[in-house]
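Spelled out, the chains give:
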Amino acid sequence: MWDKRHGVLLFLNSFATGLLSPLLTLLLLGSGIGMAAVPLTVGLYSATTVVFEIPSDMAADRWGRKNCFLLSCVFLLPSLGLLALGRGLPAMLAAMVFLGLARAFSSGSLDALVVEEFLLKHGEEALPRCTARISALTSIGLAAGCLAGGGVYSLTGRLWAAIALKAAVVLALLALGTGLTEHPVARETANPVVLLTATLRGSGTVRALVLLCAAAAPPVFAVEVFYQPRFTQLLHGGAAGWALGFLSAGGYYATAAGSLLAARLGRPTLRRLLAFTGLTGAGLAGMAAAGTPVLFVAAYFAFYAILGGTDCLTSTLLNRAAPPNQRATLLSACSLAMQLGGLAASPLLSAGAALGTIPQVWLAAGGAVAAVMLVCLAVSAWRGRKTPPLPKH
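Residues numbered from 1 in each chain as written. Predicted model: local features only at pLDDT ≥ 70, side-chain atom pairs only at ≥ 80, totals over all residues. Heavy atoms only, no water.

Concerning the overall build of the protein
Note the following rule: Note on conventions: DSSP H or I runs of at least 4 residues are helices, E runs of at least 2 residues are strands, and numbering of each starts at the N terminus. Buried, partly exposed and exposed residues are distinguished by accessible area as a fraction of the type maximum, computed with a 1.4 Å probe on protein chains only: under 20%, between the cut-offs, and over 50%, respectively. Per-residue accessibility takes into account occlusion by the displayed protein chains alone, with areas from the Shrake-Rupley method and a 1.4 Å probe.
Summing up its helical and strand segments, the protein has 15 helices and zero strands in all. Burial statistics for the protein: of 393 residues in total, 46% are counted as buried. Of the roughly 17,800 Å² of accessible surface on the protein, a fraction of 69% belongs to carbon and sulfur atoms.

This is how it looks when you write it as structure tokens:
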């Protein structure tokens, strides 16, 4: 039987994450920093997450998933305080450090606890049912949080109102999380760095997938950093709160739709993944060319539908290529690669914002990723049958 406390925590945790998703760039700009500093500030969040990803995993193994989840909630509180009351670049950088720490320590800790407790009660055969519920609750929570965050901003006209709502949800998570039960579970004792290195020394397909995860990150980072101010510009000063909430929530549904579409296109291949990743460049170009709010919304949803296709293809190819005993390690490697890709893009996006407009930055980023993917497709076609088939496990 599904634990209702687990369901409430999963929903509220995702809801809290979604609350500031449509407003983060506006919050940073409202603190007094310039547009060019926004990518660097968000890049520090990614850097903090990357640095503490493995230490937080080791902490979870040693001190438990529950304690790491509670610690992530504690880290969120000073971050929210700085976002609400801080002014200037130093305060925003400190807020991003705390936000990155919260992300690193929450990364999978609650999900892992829920899965482990579910397996102890119901056995391995019930795992698909558990993961499906986690995925559904996470998606619904993120979308609901985006709508609520944009709605609160629209009703009050104050960004701090969304921060206050998130703080209240975080306090509720702390109260509910304290009552969680966690049974001792056998943990992985091998050094995670050694496991990661061994995995990446595997087939060329594995290395290519990890590199593609890094290559796919800059377009996503460019959209997430700049879509809020660009959409606000297109509204010509109109109330953007509700609209940003619906836009951000719709992005999650578009991603799900793109994932379902990609799953129906036949057997996933590396070439198809290269093509989908290249199409993200076309999606960026469409957003750059959109001159009205309606066209922008259409281009935004199209971009995230394409992104959903890349996510589906990447996940399928990863799970097919990875040995069962290294699957979790490989997924962690791809997560780190995406963070590093976004981190590497942040100074370039910052320079672009300082020298040009947001549409120009999107055109440059989209053109770059499309060109790289076209070259990769050309090389793959030239190699032809010399490319070995994906290993099966």
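From this point on, the discussion continues.
Considering the packing of aromatic side chains
Our working rule: Stacked, edge-to-face and tilted labels apply to pairs of Phe, Tyr and Trp rings (six-membered ring for Trp) whose centres lie within 6.5 Å, assigned for plane angles under 30 degrees, over 60, and everything in between, in that order.
Under the definition given, this model contains nine aromatic pairs. Relative to Phe 15, the ring of Phe 11 lies with its centre 5.9 Å away and its plane at 25°, an arrangement referred to as stacked. Taken together, the residues span about one helical turn, with Phe 11 and Phe 15 both in helix α1 (residues 4–19) at a distance of four residues. On the numbers, 6.3 Å between centres and 25° between planes, the contact of Phe 296 with Tyr 300 is stacked. With a gap of four residues between them, Phe 296 and Tyr 300 both fall in helix α13 (residues 293–321), about one helical turn apart. Like Tyr 300, Phe 296 is buried. These aromatic residues form a ring-pair network of at least three members: Tyr 227, Phe 231, Phe 296, Tyr 300, Phe 301, Phe 303, Tyr 304 and Trp 362.

Description of the environment of Phe 226
Note the following rule: Contact criterion: two residues are considered in contact whenever any of their non-hydrogen atoms come within 4.5 Å of each other.
Among the secondary structure elements, Phe 226 is positioned in helix α10 (residues 204–234). On the basis of relative accessible area, Phe 226 is assigned to the buried category, the value being 0%. Sequence spacing of Phe 226 and Met 35 is 191 residues, and the spatial spacing of their C-alpha atoms is 8.9 Å. Setting aside chain neighbours within four positions, we find Phe 226 in contact with Met 35, Pro 39, Leu 349, Ala 353, Ile 358, Val 361 and Trp 362.

What about helix α15 (residues 358–383)?
Rules: The span expected for a helix works out to 1.5 Å for each residue beyond the first.
Its 26 residues give α15 an end-to-end C-alpha distance of 38 Å, which sits within 8% of 38 Å, the value for a rise of 1.5 Å per residue. Among the residues of α15, Ile 358, Pro 359, Val 361, Trp 362, Gly 366, Val 369, Met 373 and Ser 380 are the ones counted as buried.

A short note on the packing of helix α4 (residues 65–85) against helix α6 (residues 109–122)
A pair of packed helices can be characterised by two numbers: the angle between their axes and the separation between those axes. Note the threshold: With axes taken as lines fitted to C-alpha atoms, and helix axes fitted only over the stretch in contact, angles between N-to-C directions fall between 0 and 180 degrees. Angles are sorted into four bins: roughly parallel if under 35 degrees, roughly antiparallel if over 145, roughly perpendicular if 65 to 115, and oblique for all others. A clockwise turn of the near helix away from the far one marks a right-handed crossing, whereas an anticlockwise turn of less than a right angle marks a left-handed crossing.
Running from amino to carboxyl end, α4 crosses α6 at an angle of 150°, the nearest separation of the two axes being 8 Å. Taken as axis vectors, α4 and α6 run roughly antiparallel relative to one another. Along this stretch, α4 crosses α6, giving a crossing that reads as left-handed. In this structure, α4 uses Arg 65, Lys 66, Cys 68 and Phe 69 to contact α6, whose residues at the interface are Ser 109, Leu 110, Ala 112, Leu 113 and Glu 116.

Notes on a nonpolar patch on the surface
What counts here: Within the patch definition used here, like charges are joined within 9 Å and nonpolar side chains (Val, Leu, Ile, Met, Phe, Trp, Tyr) within 5 Å, considering only residues with over 30% relative accessible area and no salt bridge. Note on definitions: salt bridges are taken to be side-chain nitrogens of Lys or Arg within 4 Å of carboxyl oxygens of Asp or Glu.
Taken together, the side chains of Leu 155, Trp 242 and Phe 246 present a nonpolar region at the surface, about 360 Å² in accessible area. Relative to the elements of secondary structure, Leu 155 occurs in helix α7 (residues 127–156). Given a relative accessible area of 67%, Leu 155 falls into the exposed group.

Here's the deal with the packing of α4 against helix α8 (residues 159–178)
Formally: In the scheme used here, Gly and all other residues not listed as nonpolar or charged are polar, with Ala, Val, Leu, Ile, Met, Phe, Trp, Tyr, Cys and Pro taken as nonpolar and Asp, Glu, Lys and Arg as charged.
As a packed pair, α4 and α8 sit with axes 10 Å apart at the nearest point and diverge in direction by 160°. Judged by the inter-axis angle, α4 sits roughly antiparallel to α8. Handedness of the α4/α8 crossing: left-handed. On the side of α4, the interface is formed by Lys 66, Phe 69, Leu 70, Cys 73, Val 74, Leu 76, Leu 77, Leu 80, Leu 83 and Ala 84, while α8 contributes Ile 163, Lys 166, Ala 167, Val 170, Leu 171, Leu 173, Leu 174, Gly 177 and Thr 178. Classifying every residue of the contact of α4 with α8 by side-chain character gives 15 nonpolar, two polar and two charged.

Remarks on the nonpolar core
Our working definition: Joining through side-chain atoms within 4.5 Å is the link that ties buried Ala, Val, Leu, Ile, Met, Phe, Trp, Tyr and Cys residues into a set, and such a set is a nonpolar core.
If you look at the biggest cluster of nonpolar residues, it comprises 75 residues, and the most contacted ones within it are Phe 296 and Trp 362. Ranked by residue count, the leading element in this core is α10, at nine residues. Setting aside anything within four residues of it in sequence, one finds Phe 296 in contact with Tyr 227, Arg 230, Phe 231, Leu 234, Leu 247, Met 287, Ala 290 and Trp 362.

Examining helix α5 (residues 89–106)
Because an α-helix packs 3.6 residues into every turn, residues spaced three or four apart end up facing the same way. With 18 residues, α5 ought to run about 26 Å at 1.5 Å a step, and its terminal C-alpha atoms sit 26 Å apart, in line with that. Taken together, the buried positions of α5 are occupied by Ala 91, Met 92, Ala 95, Met 96, Leu 99, Gly 100, Leu 101, Ala 102, Ala 104 and Phe 105.

Focus: the confidence of the model for the protein
Convention followed: Every residue is assigned a pLDDT by the predictor, reflecting its confidence on a scale from 0 to 100.
For the protein, per-residue confidence averages 81 on the pLDDT scale, and 82% of positions sit at 70 or higher. Predicted confidence in the protein is weakest over helix α9 (residues 192–200), with a mean pLDDT of 58, and strongest over α8, with 93.

Focus on the side chain of Thr 310
Positionally, Thr 310 belongs in helix α13. Non-local contacts of Thr 310, meaning those with residues more than four positions away in its chain, are made with Leu 273, Phe 276, Thr 277 and Thr 280.

Here we look at the side chain of Thr 314
Summarising the element assignment, Thr 314 is placed in helix α13. Among the residues examined, Thr 314 registers a relative accessible area of 14% and is labelled buried. Those residues in contact with Thr 314, other than ones at most four positions away along the chain, are Cys 213 and Leu 273.

Observations concerning the environment of Ala 148
By the element assignment, Ala 148 lies in helix α7. As a C-alpha pair, Ala 148 and Trp 242 span 94 residues in sequence and 8.4 Å in three-dimensional space. The contact partners of Ala 148, leaving out residues within four places of it in the chain, are Phe 15 and Leu 19.

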